[in-house]
Each structure stands twice: as structure tokens, then as C-alpha cells.
Amino acid sequence: MTDLLTLSEKLGDAWQWIQETDPPGSLDADVPAMVLADLAKLAIDQREGFSPEIDAQTLLTEVARSLAYMLNRMAWDASEADGLRISAAVTALLAIHDARHMN
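Here the structure is a predicted model, which is why all the values come from computation and not from measurement.

**Student:** If you had to explain the overall build of the chain to someone new, which residues and values would you point to?
**Tutor:** Counting secondary structure elements, the chain contains 4 helices and 0 strands. In sequence order, the chain lays out its α and β elements as α-α-α-α. Dimensions of the chain along its principal axes, counting C-alpha atoms only, are 45 × 40 × 20 Å. Put simply, the chain has 103 residues, and 27% of those count as buried. Considering only contacts in the chain between residues 6 or more positions apart, those separated by 24 or more positions represent 63%. Surface summary for the chain: the accessible area is close to 7100 Å², and the carbon and sulfur share equals 60%. Once the 7 positive and 17 negative side-chain charges of the chain are each reduced to a mean point, those two points are 4 Å apart.

Here is the structure:
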């Protein structure tokens with residue numbers, strides 16, 4: 001059985017390790033890795049009760065904001081067609097985030 005507490009702790013340390021390991025100026029690997037590690041930790045912590053519970057709308061907003069940030073970085077080096085698709089995804093994710101903050 002997976003030791004989820006240890007996994008959560010290691011995911012929490014992942015951000016620093018990724019930043020130290022990835023060469024400076026190379027955002028292609030470190031931004032997605034850090035965002036996905038943080039979101040995995042958030043999901044585990046929420047499911048297992050390792051952190052104070054947040055409501056579903058706040059969780060959705062955090063996921064949308066994080067993914068929008070990650071995808072926006074990827075658009076910088078994308079082809080024009082891929083850039084348009086990524087921009088559409090970012091716009092949709094930010095709409096979820098913005099809708100939450102308008103209520």
C-alpha cells in the first residue's frame with residue numbers, strides 16, 4: 001500500500017529539488033513539473049485530510065489557475081496553431097478562475 005503521507009511530503013519537497021536540478025533559464029521542464037507536483041500534493045492532502053479541507057469550488061479554482069499558468073508558459077515556444085489552441089485552453093481555465101472570484 002502507498003504511504004500517502006510520505007508521498008505528500010516528497011511532493012512538497014519536489015518544487016525545491018526541481019528548481020535546483022533544472023538548469024537556470026530552462027522553463028520547459030521545471031514549470032510543468034512544479035505545477036503538477038504541487039497539484040498532486042494538493043489532491044492527496046485534500047483526499048487524505050493532511051491539510052485543512054477546502055471547498056470544491058476553491059479546489060477547482062486552484063487547479064484551473066495552476067494549469068493556466070503552466071499552459072501559458074508552454075505557448076511561448078509553440079507553433080502558431082498550437083499557440084492558438086493553448087491560448088484557448090488558458091482562456092477557458094482563467095474563466096473558471098474568474099467566475100469563482102466574481103461570486
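Anyway, onward from the coordinates.
**Student:** Account for helix α3 (residues 56-75), naming residues and giving values.
**Tutor:** Its 20 residues give α3 an end-to-end C-alpha distance of 28 Å, which sits within 8% of 28 Å, the value for a rise of 1.5 Å per residue. Listed in full, the buried residues belonging to α3 are Thr61, Ala64, Ser66, Ala68, Met70, Leu71 and Ala75. The backbone nitrogen of Gln57 has a side-chain oxygen 3.1 Å away, supplied by the residue at the start of α3, namely Asp55.

**Student:** Hey, could you go over the side chain of Ser8 for me, with residue numbers and the actual values?
**Tutor:** Along the chain, Ser8 turns up in helix α1 (residues 4-21). For Ser8, a relative accessible area of 2% gives the class buried. Separated by 3.0 Å, the side chains of Ser8 and Lys41 make a polar contact.

**Student:** Tell me about the confidence of the model for the chain, and please be specific about residues and values.
**Tutor:** In this model, the chain carries an average pLDDT of 86, and 91% of its residues clear a pLDDT of 70 or more. Between the elements of the chain, mean pLDDT differs from a low of 86, seen in helix α4 (residues 80-102), to a high of 88, seen in α3.

Analysis parameters
Residues numbered from 1 in each chain as written. Predicted model: local features only at pLDDT ≥ 70, side-chain atom pairs only at ≥ 80, totals over all residues. Heavy atoms only, no water. Helix = DSSP H or I, 4+ residues; strand = E, 2+ residues; numbered from the N terminus. Buried < 20%, exposed > 50% of the residue type's maximum accessible area, 1.4 Å probe, protein only. Contact = heavy atoms within 4.5 Å. Areas by Shrake-Rupley, 256 points an atom, 1.4 Å probe, with all protein chains shown as cover. Lys, Arg positive; Asp, Glu negative; His and termini not counted. Charge placed at Lys NZ, Arg CZ, Asp CG, Glu CD. Expected span 1.5 Å × (residues − 1). Polar contact = N/O pair within 3.5 Å; in protein donor to acceptor, adjacent residues only side chain to side chain. pLDDT = per-residue confidence, 0-100.

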